[in-house]
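Listed below are the residues making up each chain.
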Amino acid sequence: MNTKNKISTIVFSVYILLSFYVFGGGIVNSLVAYRTWRAVGANEFPEFHQIDSALIIPLFVIFFFLSFIPQILMFWFRPMIISRWLVWSALFFNLITLVSTITIQIPIQVELDKRLSLELIEKLISTDFIYRRIPMFLLAIINFIMLYKVVKHSNNKPNPSE
């Protein structure tokens, strides 16, 4: 295995690891956390939301941003079986998620840091579904296709341990 292939294997593996982590964390946050916010009292909500936001950054947001590094590196370092088109498609869906997070979700979250608003929570949930969960689901499909291609291709090679 040459150096480029070794780097490609590492880049792809790190990308898949981060992508699965981010997808799972995003789904839990979207389908569980946001919906439980409705049950928090108005007086407690700002402090609750600030604590929640402080925890989500190191446990989720940082990994989301880190996932762009191997994703972009895959334009140059990727398993040969993965087409550039798949890498572009994955980046496209990830960028939709990033842009909607910055332009839609963060402004709502900033307001929720100040006060409980069921209207804002509903807006957060609906926009999250449309502009983040759907693109992230499509990204997960693209990532699955890439992983499937790599595994299928590796199964066509003889096993060196046999």
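Here the structure is shown first, and the text comes after it.
Residues numbered from 1 in each chain as written. Predicted model: local features only at pLDDT ≥ 70, side-chain atom pairs only at ≥ 80, totals over all residues. Heavy atoms only, no water.

Quick notes on the nonpolar core
Quick note on the threshold: By convention a nonpolar core is built from buried Ala, Val, Leu, Ile, Met, Phe, Trp, Tyr and Cys residues, the set being connected through side-chain atoms within 4.5 Å. Each residue gets one of three labels from its accessible area relative to the maximum for its type: buried under 20%, exposed over 50%, partly exposed in between, using a 1.4 Å probe on protein chains only. The helix count covers DSSP runs of H or I at least four residues long, the strand count covers runs of E at least two residues long, and both are numbered beginning at the N terminus. Only heavy atoms matter for contacts: two residues are in contact if any of them lie within 4.5 Å across the pair.
Of all hydrophobic cores here, the largest spans 21 residues; its most connected members are Y15, M74 and M146. Elements that contribute at least two residues to this core include exactly α1 (3-36), α2 (45-66), α4 (84-112) and α5 (118-155). Setting aside its immediate chain neighbours within four residues, Y15 contacts S67, P70, Q71, M74, A90, L139, N143 and M146. In this structure, A33, Y34, F45 and L124 belong to the second largest nonpolar core, which totals eleven residues.

Topic: the environment of I62
Within the fold, I62 resides in helix α2. Taking relative accessible area as the criterion, I62 reaches 41% and is therefore assigned partly exposed. Taking the C-alpha atoms as reference points, I62 and D128, 66 residues apart in sequence, are found 18 Å from one another.

Side note on the pattern of salt bridges
We apply this condition: By definition, a salt bridge exists where a carboxyl oxygen of Asp or Glu is found within 4 Å of a side-chain nitrogen of Lys or Arg.
Tallied over the full model, the rule gives four salt bridges. R133 is paired through a salt bridge with D128; the nearest N and O atoms lie 3.2 Å apart. Take R133 and D128: they sit in the same class, and that class is buried. Shared partners join several salt bridges into a network, and the residues in it are D128, R132 and R133.

Re the packing of aromatic side chains
For any pair of aromatic rings, the description consists of the separation of the ring centres together with the inter-plane angle of the planes. Quick note on the threshold: Two aromatic rings from Phe, Tyr or Trp, using only the six-membered ring of Trp, form a pair when their centres are within 6.5 Å; if the ring planes differ by under 30 degrees the pair is stacked, by over 60 it is edge-to-face, and anything between is tilted.
By the definition in use, this model includes ten aromatic pairs. Plain terms: the ring middles of F64 and F68 are 5.4 Å apart, the flat faces sit at 80° to each other, and that makes the pair edge-to-face. F68 shares its class with F64; the two are buried. Members of the aromatic cluster, each reached through a chain of ring pairs, are Y34, W37, F45 and F48.

Overview of the environment of F64
Considering the arrangement of structural elements, one finds F64 in helix α2. According to the relative accessible area criterion, F64 is buried, its value standing at 6%. Each C-alpha atom of the pair F64 and G26 lies 9.3 Å from the other, and the pair is 38 residues apart in sequence. Setting aside chain neighbours within four positions, we find F64 in contact with V22, N94, T97 and L98.

Concerning the packing of α2 against α4
How we decide: Angles shown run from 0 to 180 degrees and are taken between the N-to-C directions of axes, each axis being a line fitted to C-alpha atoms and, for helices, limited to the stretch in contact. Each angle gets one of four labels, with under 35 degrees taken as roughly parallel, over 145 as roughly antiparallel, 65 to 115 as roughly perpendicular, and the rest as oblique. Take the far helix as the reference: if the near one is turned anticlockwise from it by less than a right angle, the crossing is left-handed, and if turned clockwise, right-handed. Any residue that is not Ala, Val, Leu, Ile, Met, Phe, Trp, Tyr, Cys, Pro, Asp, Glu, Lys or Arg is counted as polar, Gly included; the first ten are nonpolar and the last four charged.
α4 packs onto α2 with a crossing angle of 165° between their chain directions and a minimal axis gap of 12 Å. Considered as vectors, α2 and α4 are oriented roughly antiparallel to each other. Where α2 crosses over α4, the handedness of that crossing is left-handed. Contact residues: α2 offers F45, P46, H49, F64 and F65, while α4 offers N94, T97, L98, Q109 and L112. Each residue belonging to the contact of α2 with α4 can be placed in one class, and the counts come to six nonpolar, four polar and no charged.

Let's talk about α1
The condition that has to hold: Expected helix span is taken as 1.5 Å per residue step, with the number of steps being one fewer than the number of residues. Bend, at a single residue, is the angle you get between axes fitted to the 7 residues ending at that residue and the 7 residues starting at it. Contacts described as polar in this section are N or O atom pairs within 3.5 Å, which, within protein, must combine one atom able to donate a hydrogen with one able to accept it, while residues neighboring in sequence count only if both atoms come from side chains.
Between its first and last C-alpha, α1 extends 48 Å over 34 residues, near the 50 Å set by a 1.5 Å rise per residue. At N29, α1 shows its maximal kink, close to 35°. Where α1 begins, the side chain of N2 points an oxygen toward the backbone nitrogen of K4, at a separation of 3.1 Å.

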